[in-house]
Amino acid sequence: MAGKSMERCFRDRGMCKFYRHEDLMARPSSFTCTDGRVLSVNDQVAVALRRLSSGESLLSIGVSFGMNQSMVSQITWRFVEAMEECGLHHLRWPSTETEVQNIKSKFEKIRGLPNCCGAIDTTHIIMCMPSVDPSNDVWLDQEKKHSMVLQAIVDPDMRFRDIVTGWPGCMGEPLILKNSGFSKLCEGGQRLNGKQIELSKGSKVREYIVGDAGFPLLPWLITPYQGKGVSSAKSEFNKRHFATRMVAQRALVRLKDMWKIIQGEMWRPAKHRLPRIVLVCCLLHNILIDLEDDIQDEMPLSHLHDSGYKQQVCMAGDENGAMLRDLLCQKRFAYMREIHA
C-alpha cells in the first residue's frame, strides 16, 4: 500500500489512540517544515508511518514533507520509542484460557490438528553493509547476503504472538530457537503447558506449535515427516501440517509487504537499531489486525517471504516429539469427522 494511503488509514482509525500524546511530546521539540509550519503529533505520525511503510530514503521523504533528512530521522525514532513504550501489549502470548481455546479451535478448523497453539517461522531482513569491513562477515548468511533473522510465532489470525530478532543471518533456525526466551519457557514447563486433550483412551495430546523442516522436532514443536517414500498417512499429515503452518509464512509476507522498510535492503541501518524497527513493524502489523481493518483483505496471500533462500533441513529429533507426531498422524479420522460434521 502506498505511504499516503497508510497514513490516511491510521489517521482515520485513530492511530494516536494507541499511545498517549505526551509520549511523543515528552521532550520539547520544534519540528517545522521549510515553510515554517510546526508539525502536530498527527503530522509526526504521518512522517514516521511514511518512512516505515514505504521504505523510501530519508531524502525522498524529506522532499515530500518539506523537511530535511535529519528531521525525518528524528521524528521516526521518536515514534519508534513511543511505540516501544506504549504498544507492547499488542504483541503478547495469550494469557487467558478463553483466548487460548479460541486459538486452538481456529487452528484445528484449518486442517484438523488438535491442541495447536501457534505456527513458527523465520525470515531474513536484508541489510546494506560495506563488504570491505571484515567485521561485517558475521552477518553473512547461507546465501552470502548480509542479513538479520526474525523468528516469529503466529496465531491463526496471522497475529504475531512471540518474536525474536537481532541474531545475524548466519545463525540457523535451531540455534536461534534454542537461545530464545520462548524455548527456555517451554523447556522449563512454563509455556505450552496447558490442558491436554484425549484423542482416545490413554492417548493424550499436549499443547504444541508447528514449524517447517528447518526446526528440530521437539515435544512441543511438531515438524513434518522427512525422507522419500513416506506412507500415505504420513504424506496426508504433512499436507495438513503445511496448511496449518502457512499462517506464519503469510504473516511474514504481509509484514514485509506492508512495512517495506524491512522488505529489502535498508539504507545502511544501524545494527543496534534494526531490531527495534522490526519490533515496531510487528506491533503495527498486530494493531492493524486488532483494528480489524479492511486493508488486511487486500494483502497478497503468497507465502514467499524469503525469496532466494533455500529450505534448510534439521535432522534433530526428540523421541517424545516423534511420539506426539505419530499420534497426531494416526488419530486424525475421528477429529476430521467431528470438524466436518
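Residues numbered from 1 in each chain as written. Predicted model: local features only at pLDDT ≥ 70, side-chain atom pairs only at ≥ 80, totals over all residues. Heavy atoms only, no water.

Student: Quick one: what's the story with the pattern of salt bridges, residue by residue and with numbers?
Tutor: Inspection of the entire model under this criterion finds 12 salt bridges. The salt bridge involving aspartate 155 is made with arginine 159; its shortest N-O contact spans 3.0 Å. Residues aspartate 157 and arginine 159 are paired through a salt bridge, measuring 4.0 Å at the closest nitrogen-oxygen approach. Exposure remark for aspartate 157: the relative accessible area of 31% places this residue in the partly exposed category. A cluster of three or more residues bridged by salt bridges with shared partners is formed by Arg92, Glu99, Lys106, Asp155, Asp157, Arg159, Arg161 and Asp290. (Salt bridge = Lys/Arg side-chain N within 4 Å of Asp/Glu carboxyl O. Buried < 20%, exposed > 50% of the residue type's maximum accessible area, 1.4 Å probe, protein only.)

Student: Please provide a residue-by-residue account of unusual backbone geometry, values included.
Tutor: One non-glycine residue, lysine 144, lies in the positive phi region at around 65°. As for its placement among the helices and strands, lysine 144 is situated in the loop between strand 1 (116-126) and strand 2 (147-154). Assessed through its relative accessible area of 68%, lysine 144 is described here as exposed. One non-glycine residue, methionine 158, lies in the positive phi region at around 65°. Along the chain, the position of methionine 158 falls in the loop between strand 2 and strand 3 (160-168). Residue classification places methionine 158 among the buried residues on the basis of a relative accessible area of 12%. (Helix = DSSP H or I, 4+ residues; strand = E, 2+ residues; numbered from the N terminus.)

Student: Any details on the environment of glutamine 44? Residues and values, ideally.
Tutor: By secondary structure assignment, the location of glutamine 44 is in helix 3 (residues 41-54). By relative accessible area, glutamine 44 is classed as buried at 2%. Between the C-alpha atoms of glutamine 44 and arginine 78, which are 34 residues apart in sequence, the distance is 8.9 Å.

Student: Lay out the nonpolar core in plain terms, naming residues and giving numbers.
Tutor: Membership of the largest hydrophobic core comes to 60 residues, with the highest contact counts inside it found for Leu52, Phe79, Phe160, Tyr208, Leu255, Trp259 and Leu284. If you tally residues by element for this core, the top one is helix 10 (residues 274-290), at 11 residues. Membership of the second largest hydrophobic core comes to 13 residues, among which are Trp93, Leu177, Phe182 and Leu221. (Core = buried A, V, L, I, M, F, W, Y, C linked by side-chain atoms within 4.5 Å.)

Student: How would you explain the pairing of strand 2 if you had to name every residue and give the values?
Tutor: Within strand 2, 8 of the 8 residues are buried, leaving the element largely enclosed by the surrounding structure. Burial of strand 2 is two-sided: the residues Ser147, Val149, Gln151 and Ile153 facing one way and the residues Met148, Leu150, Ala152 and Val154 facing the other way are all buried. Sheet analysis places strand 1 next to strand 2, joined by 8 bridges and oriented antiparallel. In the strand pairing of strand 2, threonine 122 is matched with glutamine 151. Of the strand pairs in this sheet, strand 2 and strand 3 are connected by 7 bridges, and their pairing is antiparallel. Residue pairing across strands places isoleucine 153 opposite aspartate 162, the latter belonging to strand 3. In this antiparallel pair of consecutive strands, strand 2 and strand 3, the connection spans 5 residues, and methionine 158 shows a positive phi of 65°. (Pairing = 2+ DSSP bridges.)

Student: Lay out the packing of helix 4 (residues 58-65) against helix 5 (residues 69-86) with the relevant residues and their values.
Tutor: The contact between helix 4 and helix 5 brings their axes to 8 Å, and the two run at 95°. With respect to helix 5, the axis of helix 4 lies roughly perpendicular. When helix 4 is examined against helix 5, the residues Leu58, Leu59, Ile61 and Gly62 are found in contact with a partner set consisting of Gln69, Val72 and Ser73. Residue classes in the contact of helix 4 with helix 5 are distributed as 4 nonpolar, 3 polar and no charged. (Axes fitted to C-alpha atoms, helices over the stretch in contact; angles between N-to-C directions. Parallel < 35°, antiparallel > 145°, perpendicular 65-115°, else oblique. Contact = heavy atoms within 4.5 Å. Nonpolar A, V, L, I, M, F, W, Y, C, P; charged D, E, K, R; others polar.)

Student: I'd like a rundown of the pairing of strand 4 (residues 197-200), residues and numbers included.
Tutor: In this structure, strand 4 lies alongside strand 5 (residues 203-205), joined through 3 bridges in antiparallel fashion. Of the residues in strand 5, the one forming a bridge with serine 200 is serine 203.

Student: Tell me about the confidence of the model for the chain, and please be specific about residues and values.
Tutor: For the chain, per-residue confidence averages 84 on the pLDDT scale, and 81% of positions sit at 70 or higher. Here residues 1-6 scores under 50 on pLDDT; set against residues more than four positions off or in separate chains, the count is 11 contacts. Throughout residues 333-337 the model reports pLDDT below 50, and contacts reaching past four residues in sequence, or to other chains, amount to 8 contacts. (pLDDT = per-residue confidence, 0-100.)

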